[in-house]
Amino acid sequence: MVWAQPFSGLETKNPCNHLLEFEEMCSCLSILGMTQETLRWKLFPFSLTEKVKQWYTHAIESTNGDWEELKDKFCLAFFPIGSLPNAIFDFEQYKKESIGAA
């Protein structure tokens, strides 16, 4: 099941969606004596291909086994910037305007 839709880091794919689907798939699995977090750590590399798998091998060294930190780094590393609306790039706060109002 993990290999069915691997994430390769293509610009057309969203890493956050990959994580949601991966975690949903993992939640359907149970191994006696293994936590869900351990299961995710064991299976996640099998859901990756190409440059993303290489990224993973380097990223795990700096996460100290923290799944949430790995997820954050993964989304930041592979999020397709081109899919963001132009309004985000064109954001401008006017003088005397609060951040909330902007």
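Above: the structure in question.
The shown structure was predicted, so the numbers you read here are calculated from the model rather than taken from an experiment.

If you look at the biggest cluster of nonpolar residues, it comprises 20 residues, and the most contacted ones within it are F22, F44, L70 and F74. Tallying contributions element by element places helix α4 (residues 67-78) first for this core, with 5 residues. What F22 contacts, discounting residues up to four positions off in sequence, is V2, R40, L43, F44, S47 and W67.

It is the contact of helix α1 (residues 15-27) with helix α2 (residues 36-43), at a shortest axis distance of 10 Å, that shows an interaxial angle of 120°. By the angle class used here, α1 and α2 are oblique. As for the relative orientation of α1 and α2, their crossing is right-handed in sense. Where α1 approaches α2, its residues F22, E23, M25, C26 and S27 are matched on the opposing element by Q36, L39, R40 and L43. The residue inventory of the contact of α1 with α2, partitioned by class, reads 5 nonpolar, 2 polar and 2 charged.

Take the packing of aromatic side chains next. Applying the stated rule across the entire model yields 12 aromatic pairs. One aromatic cluster is present, built from ring pairs that chain together F7, F22, W41, F44, W55, Y56, W67, F74 and F78.

What follows concerns α1. In an α-helix there are 3.6 residues to a turn, and that puts residues three or four apart on one side. For α1, spanning 13 residues, the distance from its first C-alpha to its last is 18 Å, which sits close to the expected 18 Å at 1.5 Å a residue. Every buried residue belonging to α1 is among P15, H18, L19, F22, E23, M25 and C26, and all of these are buried. One side of α1 carries all its buried residues, which in axial view fall inside an arc of 160°. Among the exposed residues of α1, those pointing more than 90 degrees away from its buried face are L20 and E24.

Conventions we followed
- Residues numbered from 1 in each chain as written.
- Predicted model: local features only at pLDDT ≥ 70, side-chain atom pairs only at ≥ 80, totals over all residues.
- Heavy atoms only, no water.
- Core = buried A, V, L, I, M, F, W, Y, C linked by side-chain atoms within 4.5 Å.
- Buried < 20%, exposed > 50% of the residue type's maximum accessible area, 1.4 Å probe, protein only.
- Helix = DSSP H or I, 4+ residues; strand = E, 2+ residues; numbered from the N terminus.
- Contact = heavy atoms within 4.5 Å.
- Axes fitted to C-alpha atoms, helices over the stretch in contact; angles between N-to-C directions.
- Parallel < 35°, antiparallel > 145°, perpendicular 65-115°, else oblique.
- Left-handed = near helix turned anticlockwise from the far one by under 90°.
- Nonpolar A, V, L, I, M, F, W, Y, C, P; charged D, E, K, R; others polar.
- Phe/Tyr/Trp six-rings, centres within 6.5 Å; stacked < 30°, edge-to-face > 60°.
- Expected span 1.5 Å × (residues − 1).
- Arc of directions from axis to C-beta.

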